[in-house]
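Below, each chain spelled out in residue letters.
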Amino acid sequence: MILTTAARNAACNAIVDLVDGGSGAGTIQFETSGDAEVATLTFSDPAFGSASTGVATASATTSDTSATGGTIAQASIYDSSSTKIWENTAGTSGTEFILSSTSIGAGDTVSCSSFTVTVPAS
């Protein structure tokens, strides 16, 4: 199947708009391989702008200035009602969410400089 740009945009918007579910902003929760929270960043509300050529870019996120700490293995995306929307692999390379380090100390500040979601043409 090869999707048109209009179909890619519609699919991408439908996915990222789920992050805005609930009464407030969604979050990015960095987690260990056992799903324990390491750090939580808060999206703007709305979380993403409209998709263009199948790519939606996240609006600014608020840093976690007092992380719980641990070793990050995944980044889960939640709406404001704490419903998990999707999960990304996370690491320093070769993963869906690229980090400068996966080792986070208790009380560290964790931030996100950019985040996109892409629906490919095929």
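The paragraphs below set out a description of the structure included in this document.

Thresholds, definitions, all that
- Residues numbered from 1 in each chain as written.
- Predicted model: local features only at pLDDT ≥ 70, side-chain atom pairs only at ≥ 80, totals over all residues.
- Heavy atoms only, no water.
- Phe/Tyr/Trp six-rings, centres within 6.5 Å; stacked < 30°, edge-to-face > 60°.
- Helix = DSSP H or I, 4+ residues; strand = E, 2+ residues; numbered from the N terminus.
- Buried < 20%, exposed > 50% of the residue type's maximum accessible area, 1.4 Å probe, protein only.
- Pairing = 2+ DSSP bridges.
- Expected span 1.5 Å × (residues − 1).
- Arc of directions from axis to C-beta.

### A short note on the packing of aromatic side chains
The way to describe two aromatic rings as a pair is by their centre distance and the angle between their planes.
Thinking step 1. One pass over the structure, following the stated rule, counts six aromatic pairs.
Thinking step 2. Between the aromatic rings of F30 and F97, the centroid separation amounts to 5.2 Å while the plane-to-plane angle is 85 degrees, which identifies the pairing as edge-to-face. Of this pair, F30 sits in strand β1 (residues 27–31) while F97 sits in strand β8 (residues 97–98), and the two are 67 residues apart along the sequence.
Thinking step 3. Owing to a relative accessible area of 1%, F30 belongs among the buried residues under this scheme.
Thinking step 4. Assessed through its relative accessible area of 6%, F97 is described here as buried.
Thinking step 5. With a centroid separation of 5.6 Å and an interplanar angle of 45 degrees, the aromatic rings of F43 and F48 are classed as tilted. Exposure class is identical for F43 and F48. Each is buried.

### Let's talk about the pairing of strand β2 (residues 37–43)
Thinking step 1. In the sheet, β1 pairs with β2 via five bridges, with the strands oriented antiparallel. Across the sheet, the residue bridging to T27 is T42, located in β2.
Thinking step 2. As consecutive antiparallel partners, β1 and β2 are separated by five residues, and within that stretch D35 has a phi angle of approximately 70 degrees, a positive value.

### Points about helix α1 (residues 5–17)
Thinking step 1. Along its 13 residues, α1 runs 18 Å from first to last C-alpha, staying within 8% of the 18 Å computed at 1.5 Å per residue.
Thinking step 2. When we look at burial in α1, the residues that qualify are R8, N9, C12 and V16. Looking straight down α1, one finds its buried side chains confined to an arc of 95 degrees; they lie on one side.

### Digging into the sheet that holds β8
Thinking step 1. In spatial order, the strands read β4-β2-β1-β6-β7-β8; together these six strands make up an open sheet with mixed pairing. Sheet topology places β4 (61–62) and β8 at the edges, where each strand pairs with a single neighbour.
Thinking step 2. Both β1 and strand β6 (residues 74–78) contribute to a ladder of five bridges, which runs antiparallel. Pairing of Q29 across the sheet is with S76, part of β6.

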